[in-house]
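Structural features, examined
Each chain, letter by letter, is given below.
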Amino acid sequence: MNARAVPESEKLNIAILGGGIAGLSLAIALANHPLINTTIYEKALELKEIGASIALGPNGLRTLERLGLSDVIDDENGFRGTGSAGMVYRHWKTNEVIGTDVHADVKEWLHQTTRFHRGHLHGKLVEHVPRDGIKLGKNVVGIVMDEKGVTVNFKDGSKAWADIAIGADGLRSGVRQALVPKFKLKWSGLTAFRSVFDESLVESISDLPEDSAHWWGPDTTFFSSRLGRNMYTVVGGVTVDPDDQDSRFKDVSWDDEGDVEVLKEVYKDWNPVVKALTKVIPLIRYHPNFSCSEPLDTWVFGDRITLIGDAAHAHGGAFATGGSLAIDDAYALYLSLKSVFPLSTARKPPAQEIRKALKLYETTRKPHAERLLKAVHAGNTAKIDKIRNEIIETDEQLRDRAARGSNTSWLHEHDVVKAFDDALRFSQNNDGKEEAFPRL
């Protein structure tokens, strides 16, 4: 079917509400379908990504490569280290390696875990989206569905109409809050101290690991890594009882400027490399750790709205997998929409077919995300119990935990295409009946 032969009225118009990594990845994926028009609506007045560093695992890197984005993930933009280890764990006091996470099945260099400055990754994705397809200053305050489509209301008084609306507006999603007013985020008690700075500041540090390093201590951790474009990052933090009204950092906000002296104090007794790193850091930002208090009952609302990325499954950034999750969400949604709206079609799908696609996407992704959320909540509960009961991990326990590693190949090497194919096969075997989909 020649796309130009199809009238505009029969093309599918999709409003992507959020211009972060999830929203940009979705727009890029959907651009492969000539009968789908997308517009990104972003609440920021300037298109940039705040934050610090971000890692993409093999799953997210493979998906971006499928989308033809090798320039986004190349060695100029990101740092891959020297080998196949996804993470190297070091002892907080001795600096010795006490554990590694090794990729289970990663053969291509571009698929090795890669670390970026978040702004650089975001900026490269923006280059692949037409500028006239992004509208800034659009803060969602309401969404109304009817039998013909979705009307999105913005804070500036404007409105946008689309056949489908996708909430891709991150951790504090206005779309999610409009659809699920009782939804709440939960603070884990962790406040991360994050910094990104020029790599030249660490050149004088003796014995600095060439690879990314994650030092584990009895009550906190410290991470450092090179990034692409000659940048460097460190991440520290403190965990407290989140229910203690007098707890430290309970009132800080995301990306607040922090006090470097606080960081130095926390790590004053650690090994010389970590202490040296704390002395060259020019500034830190506070990033309190929030996640879904409970998984959403559904990601699909009516026949025409769904959520992707942190809007759907905020998990607090555990296992450094948020970016890859968002990218795989976007690709799974693209595959799901294409399954009911093939390139050869002459008419856009009716509401029931759109809902079928959205439910197929949910079936592909929600169980995977909820497995992660379950692990995150269990880990957070265990940390809080230790704080409340004043339990200090012994050195033997610490070394044993590091030697076991994170065991997250299922997460970082997840095959989103296989998961989609499995969900599609299940749907086809059950005639696409929604009630036959696995209970999520």
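Conventions we followed
- Residues numbered from 1 in each chain as written.
- Predicted model: local features only at pLDDT ≥ 70, side-chain atom pairs only at ≥ 80, totals over all residues.
- Heavy atoms only, no water.
- Helix = DSSP H or I, 4+ residues; strand = E, 2+ residues; numbered from the N terminus.
- Rg over C-alpha atoms; globule rule 2.2 N^0.38 Å.
- Contact = heavy atoms within 4.5 Å.
- Core = buried A, V, L, I, M, F, W, Y, C linked by side-chain atoms within 4.5 Å.
- Buried < 20%, exposed > 50% of the residue type's maximum accessible area, 1.4 Å probe, protein only.
- Bend = angle between axes of the 7 residues up to and from the residue.
- Pairing = 2+ DSSP bridges.
- Axes fitted to C-alpha atoms, helices over the stretch in contact; angles between N-to-C directions.
- Phe/Tyr/Trp six-rings, centres within 6.5 Å; stacked < 30°, edge-to-face > 60°.
- Left-handed = near helix turned anticlockwise from the far one by under 90°.
- Nonpolar A, V, L, I, M, F, W, Y, C, P; charged D, E, K, R; others polar.
- Expected span 1.5 Å × (residues − 1).
- Arc of directions from axis to C-beta.
- Polar contact = N/O pair within 3.5 Å; in protein donor to acceptor, adjacent residues only side chain to side chain.

In terms of helices and strands, the protein carries 12 helices and 19 strands. Compactness check: the protein gives a C-alpha radius of gyration of 22 Å against a globular reference of 22 Å for 440 residues, within 12% of the reference. Projected onto its principal axes, the C-alpha positions of the protein cover 70 × 45 × 45 Å. When contacts within the protein are restricted to residue pairs at least 6 apart in sequence, those whose partners lie at least 24 apart make up 77%.

Attention now moves to the nonpolar core. With 113 residues, the main nonpolar core has Ile 14, Leu 17, Phe 222 and Leu 277 as its most contacted residues. Ranked by residue count, the leading element in this core is helix 8 (residues 322–340), at 10 residues. In this structure, Leu 17 is in contact with Tyr 41, Val 140, Ile 143, Val 152, Phe 154, Ala 165, Ile 166, Gly 167, Ala 168, Asp 169 and Val 175, ignoring residues within four places of it in sequence.

Attention shifts here to helix 9 (residues 351–388). Where helix 9 bends most, at Arg 365, the angle is about 35°, and the proline Pro 367 comes one to four residues later. Looking one or two places after helix 9, you find Glu 390, whose phi comes out positive at around 55°.

The next thing to look at is the environment of Leu 110. Here Leu 110 lies in the loop between strand 5 (97–102) and strand 6 (114–117). Sequence separation of Leu 110 and Ile 73 is 37 residues, and the distance between their C-alpha atoms is 7.1 Å. Apart from the residues within four sequence positions on either side, Leu 110 is in contact with Leu 61, Glu 65, Ser 70, Ile 73, Asp 74 and Arg 80.

Take the sheet that holds strand 5 next. Read from one edge of the open sheet, 8 strands run 5-4-13-14-15-12-17-16, paired in mixed fashion. What marks the edges here is a single partner per strand, and that holds for strand 5 and strand 16 (256–257). Alignment of strand 13 (residues 213–216) against strand 14 (residues 221–227), held across 4 bridges, turns out to be antiparallel. Following the sheet pairing, Trp 215 is matched in strand 14 by Phe 222. Strand contacts of helix 6 (residues 272–280): strand 13, strand 14 and strand 15 (231–239), with the helix running at about 65° to strand 14, the strand carrying the most contacts. Set on the sheet, helix 10 (residues 395–404) makes contact with strand 4 (85–91), strand 5 and strand 13; between it and strand 5 the angle comes to about 25°.

It is worth spelling out the sheet that holds strand 8 (residues 140–145) at this point. In any sheet, the strands associate via hydrogen bonds between backbone groups, in a parallel or an antiparallel arrangement. Pairing within the open sheet is antiparallel, and its 3 strands lie in the order 8-9-10. Of all strands in the sheet, those bounded by a partner on one side alone are strand 8 and strand 10 (159–162). The mean angle between the axes of side-by-side strands here comes to 20°, regardless of whether they run parallel or antiparallel. When strand 9 (residues 150–154) meets strand 10, the two strands line up antiparallel, connected through 4 bridges. The partner of Thr 151 across the bridge, within strand 10, is Trp 161.

Scanning the model with the defined rule gives 12 aromatic pairs in all. Taken together, a centroid distance of 4.4 Å and an interplanar angle of 45° make the contact between Tyr 89 and Trp 216 tilted. Of this pair, Tyr 89 sits in strand 4 while Trp 216 sits in strand 13, and the two are 127 residues apart along the sequence. You can call Trp 216 buried: its relative accessible area is 9%.

Here we take up the pairing of strand 6. Every second residue of strand 6 is oriented toward a common face, with Thr 114 and Phe 116 on one face and Arg 115 and His 117 on the other, all of them buried. Sheet topology note: the strand 3 (residues 53–56)/strand 6 ladder contains 4 bridges and is antiparallel. Within strand 6, the residue paired with Leu 56 across the bridge is Thr 114.

What follows covers the packing of helix 1 (residues 21–30) against helix 8. One can describe the packing of helix 1 onto helix 8 by two numbers: an axis separation of 8 Å at closest approach and a directional angle of 30°. Helix 8 is crossed by helix 1, and the crossing has right-handed handedness. Contact residues: Ile 21, Ala 22, Ser 25, Leu 26, Ala 29 and Leu 30 in helix 1; Gly 323, Ala 326, Ile 327, Ala 330, Leu 333, Tyr 334 and Leu 337 in helix 8. Its residues placed into classes, the contact of helix 1 with helix 8 shows 11 nonpolar, 2 polar and no charged.

Within the secondary structure, Lys 124 is located in helix 3 (residues 118–126). Lys 124 sits in the buried class, given a relative accessible area of 16%. When near neighbours in sequence (up to four residues on either side) are disregarded, Lys 124 contacts Asp 71, Val 72, Asn 77 and Arg 229.

A word on unusual backbone geometry. Even without a glycine there, the phi angle at Arg 229 is positive, about 55°. Despite not being glycine, Ala 320 has its phi angle at roughly 50°, a positive value. Mapped onto the fold, Ala 320 is located in the loop between helix 7 (310–313) and helix 8.

This part covers helix 12 (residues 416–429). Helix length check: helix 12, at 14 residues, gives a terminal C-alpha distance of 20 Å against a target of 20 Å (1.5 Å per residue), a fit within 8%. Those residues of helix 12 not exposed but buried are Val 416, Ala 419, Phe 420, Ala 423 and Ser 427. Across the axial projection of helix 12, the buried residues extend over an arc of 100°, all falling on one side. Summarising the geometry of helix 12, the exposed residues directed more than 90 degrees from the buried face are Gln 428 and Asn 429. Those residues of helix 12 hidden inside the fold are in contact with helix 2 (58–66), helix 8 and helix 9. The backbone nitrogen of Val 417 lies 3.1 Å from a side-chain oxygen of the residue at the head of helix 12, namely Asp 415.

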